[in-house]
Amino acid sequence: GLDGLNDGFDQAGVFAEQATELMADLARVNPDQSELYRRMATEFAAFYDVGRKMASAYVDGGPAAGNRLMGDFDRVAEVLQQDVEKAMQAADELSASSLAASVALAVDVQRWVTILTALLSIVAVAAGVYLFRGVLGPVCHTARLATDLSDGDGDLTRRLDAGRRDELGAVSRGINRFIDKILE
């Protein structure tokens, strides 16, 4: 054979194995196109076989011998190229549909985040109103009455709500008793 022309056969074999494995992986990942990928694997095997024979003919017999197989190589390459184009189109369609699904999911997540934020805001406002009306309001009212009493300007007929069963109720009862003692 012609010296130096046969140094890529092993590397071509490695690449051929990787391509065959890739097509099998694609068939598993995208089952809707698995038949196309299996057909491509068969076509690729024919492409690789004719290409290997043609390369061997070039090495062993020179350009004239290799060129005789060029027609066969072109035919298997054309068949494979058509299916590669179909696979690329299918990949583009899958990519577009995956992108559309991702965008729809992102919109749904955004919508739920907005709803949850609104609900949490309503809960926070309700908690604030409860705290103000249930805790801070009575504390402020008690403080005003205590300040008025300590300044000597207090209306001794006013009473605090002593019906609560918590610390504010206890303070209110104590202040009311204090006012009662002053009036005695």
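Residues numbered from 1 in each chain as written. Predicted model: local features only at pLDDT ≥ 70, side-chain atom pairs only at ≥ 80, totals over all residues. Heavy atoms only, no water.

*Asks:* Tell me about helix α3 (residues 70-151), and please be specific about residues and values.
*Replies:* Here α3 contains 82 residues, and its C-alpha end-to-end distance of 112 Å stays within 8% of the 122 Å for a straight helix at 1.5 Å per residue. Most pronounced at F132, the bend in α3 amounts to some 40°. Those residues of α3 that fall on the buried side of the exposure criterion are F73, V76, L80, D83, A87, A90, G134, P138, T142, L145 and L149. Those residues of α3 that are buried are in contact with α2 (34-68) and α4 (167-183). (Helix = DSSP H or I, 4+ residues; strand = E, 2+ residues; numbered from the N terminus. Expected span 1.5 Å × (residues − 1). Bend = angle between axes of the 7 residues up to and from the residue. Buried < 20%, exposed > 50% of the residue type's maximum accessible area, 1.4 Å probe, protein only. Contact = heavy atoms within 4.5 Å.)

*Asks:* So what about the packing of aromatic side chains? Which residues, and what values?
*Replies:* Per the stated rule, a full pass over the model turns up three aromatic pairs. Ring centres of F44 and F47 lie 6.0 Å apart, and the angle between their planes is 40°; on these two criteria the pair is classed as tilted. In this pair, F44 and F47 are both assigned in helix α2, three residues apart and thus about one turn of the helix distant. Judged by its relative accessible area of 23%, F47 falls in the partly exposed class. Ring plane angle 15° and centroid distance 6.4 Å describe the contact between F44 and Y48, whose orientation is recorded as stacked. Here F44 and its partner Y48 are both found in helix α2, four residues apart, which amounts to about one turn of the helix. For F44, a relative accessible area of 14% gives the class buried. Through a chain of ring-to-ring contacts, three or more aromatic side chains come together here, namely F44, F47, Y48 and F73. (Phe/Tyr/Trp six-rings, centres within 6.5 Å; stacked < 30°, edge-to-face > 60°.)

*Asks:* Go over a nonpolar patch on the surface, please, and point to the residues and values.
*Replies:* On the surface, Y130, L131, F132, V135, L136 and V139 cluster together to form a nonpolar patch covering roughly 580 Å² of accessible area. Looking at where V135 falls in the secondary structure, it is placed in helix α3. With a relative accessible area of 33%, V135 lands in the partly exposed category. (Patch = residues over 30% accessible without salt bridge, like charges linked within 9 Å, V, L, I, M, F, W, Y side chains within 5 Å. Areas by Shrake-Rupley, 256 points an atom, 1.4 Å probe, with all protein chains shown as cover. Salt bridge = Lys/Arg side-chain N within 4 Å of Asp/Glu carboxyl O.)

*Asks:* Tell me what's going on with the nonpolar core, and back it up with residues and numbers.
*Replies:* Counting residues in hydrophobic clusters, the biggest one holds nine residues: A16, M23, A27, L36, Y37, M40, F44, L80 and A87. Mapped onto this core, the elements with two or more residues apiece are α1 (9-29), α2 and α3. Ranked by residues supplied to this core, first place goes to α2 with four residues. Contacts of A27, omitting those with residues within four sequence positions, involve S34 and Y37. (Core = buried A, V, L, I, M, F, W, Y, C linked by side-chain atoms within 4.5 Å.)

*Asks:* Requested: an account of the packing of α1 against α2, with residues and values cited.
*Replies:* For the pair α1 and α2, the least separation of the axes is 8 Å and the interaxial angle reads 170°. Taken together, the axis directions place α1 and α2 in an arrangement best described as roughly antiparallel. Every residue of α2 that contacts α1 at F9, A12, G13, A16, A19, T20, M23, L26 and A27 is listed here: S34, Y37, M40, A41, F44, Y48, R52, A55, S56 and V59. Its residues assigned to classes, the contact of α1 with α2 shows 14 nonpolar, four polar and one charged. (Axes fitted to C-alpha atoms, helices over the stretch in contact; angles between N-to-C directions. Parallel < 35°, antiparallel > 145°, perpendicular 65-115°, else oblique. Nonpolar A, V, L, I, M, F, W, Y, C, P; charged D, E, K, R; others polar.)

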